[in-house]
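Observations on chain architecture
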Amino acid sequence: MKIVGVAACTSGIAHTYIAKQKLEKAAKALGHTVHIETQGTIGTEDELTMEEIKAADVVIIAADIKIGGKDRFEGKKVVEIPTSMVIKAPKGLINKIEEEVMK
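All of these numbers come straight from a predicted model, not from anything done at the bench. (Residues numbered from 1 in each chain as written. Predicted model: local features only at pLDDT ≥ 70, side-chain atom pairs only at ≥ 80, totals over all residues. Heavy atoms only, no water.)

The next subject is helix α1 (residues 14–29). Across its 16 residues, α1 extends 22 Å between first and last C-alpha, which sits within 8% of the 22 Å expected from 1.5 Å per residue. Of the residues making up α1, those classed as buried are Thr16, Ala19, Lys20, Leu23, Glu24, Ala26 and Ala27. Those residues of α1 that are buried are in contact with β1 (2–8), β2 (33–40), β4 (58–63), α3 (83–88) and α4 (90–101). Just past α1, the residue Gly31 takes up positive phi, approximately 85°. (Helix = DSSP H or I, 4+ residues; strand = E, 2+ residues; numbered from the N terminus. Expected span 1.5 Å × (residues − 1). Buried < 20%, exposed > 50% of the residue type's maximum accessible area, 1.4 Å probe, protein only. Contact = heavy atoms within 4.5 Å.)

What follows concerns the UniProt feature "domain: PTS EIIB type-2" (unreviewed entry) in the protein. Within the UniProt annotation, "domain: PTS EIIB type-2" (unreviewed entry) is assigned to residues 1–99. This span, residues 1–99, is 38% helix and 28% strand, and a straight line between its end C-alpha atoms measures 11 Å. (UniProt positions renumbered as here; feature names shortened; annotations may be inferred.)

What follows covers the pairing of β2. Counted residue by residue, β2 has 6 buried out of 8 residues, so it is predominantly covered. The pairing of β1 with β2 spans 6 bridges and is classified as parallel. Bridged to Gly5 within β2 is Ile36. Regarding topology, α1 serves as the crossover connection from β1 to the parallel β2, and that connection is right-handed. Across 3 bridges, β2 lies against strand β3 (residues 43–45) in antiparallel orientation. (Pairing = 2+ DSSP bridges. Right-handed = clockwise from strand over helix to strand, strands pointing away.)

Our next topic: the sheet that holds β4. Ordered by their spatial adjacency, 5 strands build an open sheet running β3-β2-β1-β4-β5, and the pairing between neighbours is mixed. Each end of this open sheet is capped by a strand with a single partner; those strands are β3 and β5 (78–81). Across the sheet, the mean angle from the axis of one strand to that of its neighbour is 15°, orientation sign disregarded. Bridge count between β4 and β5: 4 bridges; the pairing is parallel. Note on β5: the bridge partner recorded for Ala62 is Ile81. Across the sheet, α4 is in contact with β1, β4 and β5; its angle to β4 comes to roughly 145°. (Axes fitted to C-alpha atoms, helices over the stretch in contact; angles between N-to-C directions.)

Turning our eyes to something else, we now look at the environment of Ala27. Along the chain, Ala27 falls in helix α1. Sequence-wise, Ala27 and Met85 are 58 residues apart; in three dimensions their C-alpha atoms are separated by 15 Å. Setting aside anything within four residues of it in sequence, one finds Ala27 in contact with Ile3, His32, Val34 and Ile94.

Before going further, it helps to spend a moment on the environment of Ile87. Along the chain, the position of Ile87 falls in helix α3. A sequence separation of 52 residues divides Ile87 from His35, and the C-alpha atoms of the two residues are 16 Å apart. Apart from the residues within four sequence positions on either side, Ile87 is in contact with His15, Ile18, Ala19 and Lys22.

See the structure below:
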């Protein structure tokens, strides 16, 4: 799968970056391509391109707050989940998404 996403937490520091790291590591370990944008206290980092979004099979929004630019994902399969769930079980999350997307 081609996975893109956004990670964001209430403080915009720890959970944002931990969720990004966990998603990227799990997706790569399972053989998927992945790019996760962060929206934190210093703004947006690793911003997704429209080409990446267009090519993606799924968008994962790992956020505890409202994210900016959500309209970019219109027409895409979007999974929204709290950062804590991503941090606890990233491989399980990706496996479940894979089952749904690849039906």
